[in-house]
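Fold and contact review
Below, each chain spelled out in residue letters.
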Amino acid sequence: MKLIRQNIQISEIDLHDALLQDIAVSYQEKRIVISLILPLFPPIRNAEQAAALIMENTSHFDISFEEPWGQGTYIFSEEIRKSPNGQLHLTITLNSGDTIKMIGTKISLENLPQ
């Protein structure tokens, strides 16, 4: 895997229109890996790119499957905020209206082999 961004901070990432493919949870490692397809976005990406969004030292993970806006697996929006204790709170809203909420100490985005 090639690192795209490590130690992502508030408002440093734009996942709008990325396709969510899979979510892997490692309870023992306290790690969440979200497999994505990042959209074409010239000049940064001249083609779609497989990537992994990784949350480490995870203390909270929650996902809804209610689809209040209908079916969908594309990311509509994401928000990262930092709490006073230094933890990163990531909320991802899908185009289905469902949300993924995670709290951890480190977020990175890595390219995956195509």
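Here, every reference points to the structure presented above.
Here goes a summary of the coordinates provided. Note that the coordinates shown come from a computational prediction; the quantities given were computed from them, not determined experimentally.

Before going further, it helps to spend a moment on the nonpolar core. Counting 21 residues, the largest nonpolar core has Leu-15, Ile-34, Leu-36, Leu-53, Leu-90 and Ile-92 as the members making the most contacts within it. Counting only elements with at least two residues in this core, the list comes to β3 (31-38), β4 (49-56), β6 (75-82), β7 (88-94), β8 (99-104) and β9 (106-111). Residues within four places of Leu-53 in sequence aside, it is in contact with Ile-13, Leu-15, Ile-32, Val-33, Ile-34, Leu-36, Leu-90, Ile-92, Ile-107, Ser-108 and Leu-109.

Turning our attention to the packing of aromatic side chains. Throughout the structure, instances matching the rule amount to one aromatic pair. Here the aromatic rings of Trp-69 and Phe-76 are separated by 5.7 Å at their centres, their planes lie at 85°, and the arrangement is edge-to-face. Using a relative accessible area of 53% as the deciding quantity, one classes Trp-69 as exposed. Above the face of the Tyr-27 ring, Lys-30 is positioned so that its terminal group lies 5.8 Å from the ring centre.

On to the pairing of β3, then. Counting buried residues along β3, seven of its eight residues qualify, which places the element largely inside the surrounding structure. Sheet topology places strand β2 (residues 19-26) next to β3; seven bridges connect them, and they run antiparallel. Bridged to Asp-22 within β3 is Ser-35. Turn length for the β2-β3 hairpin, with the two strands adjacent in sequence and antiparallel, is four residues, and the turn residue Lys-30 shows positive phi of about 55°. Across seven bridges, β3 lies against β4 in antiparallel orientation. Bridge pairing links Val-33 to Ile-54 in β4.

If you trace the backbone, Tyr-74 turns up in the loop between β5 (60-63) and β6. Put simply, Tyr-74 and His-16 are 58 residues apart on the chain and 7.8 Å apart in space, counted from C-alpha to C-alpha. In this structure, Tyr-74 is in contact with Asp-17, Ala-18, Leu-19, Thr-93, Leu-94 and Asn-95, ignoring residues within four places of it in sequence.

Each strand in a sheet pairs with another by means of backbone hydrogen bonds, the pair being arranged parallel or else antiparallel. In spatial order, the strands read β5-β8-β7-β6; together these four strands make up an open sheet with antiparallel pairing. Bordering the open sheet on either side are β5 and β6, each of which pairs with just one other strand. Across this sheet, the average inter-strand angle for adjacent strands is 10°, counted without regard to direction. In this sheet, β7 lies alongside β6 in antiparallel orientation, the contact comprising seven bridges.

Here is what the cut-offs are and how they apply
- Residues numbered from 1 in each chain as written.
- Predicted model: local features only at pLDDT ≥ 70, side-chain atom pairs only at ≥ 80, totals over all residues.
- Heavy atoms only, no water.
- Core = buried A, V, L, I, M, F, W, Y, C linked by side-chain atoms within 4.5 Å.
- Buried < 20%, exposed > 50% of the residue type's maximum accessible area, 1.4 Å probe, protein only.
- Helix = DSSP H or I, 4+ residues; strand = E, 2+ residues; numbered from the N terminus.
- Contact = heavy atoms within 4.5 Å.
- Phe/Tyr/Trp six-rings, centres within 6.5 Å; stacked < 30°, edge-to-face > 60°.
- Lys NZ or Arg CZ within 6 Å of the ring centre and 35° of its normal.
- Pairing = 2+ DSSP bridges.
- Axes fitted to C-alpha atoms, helices over the stretch in contact; angles between N-to-C directions.

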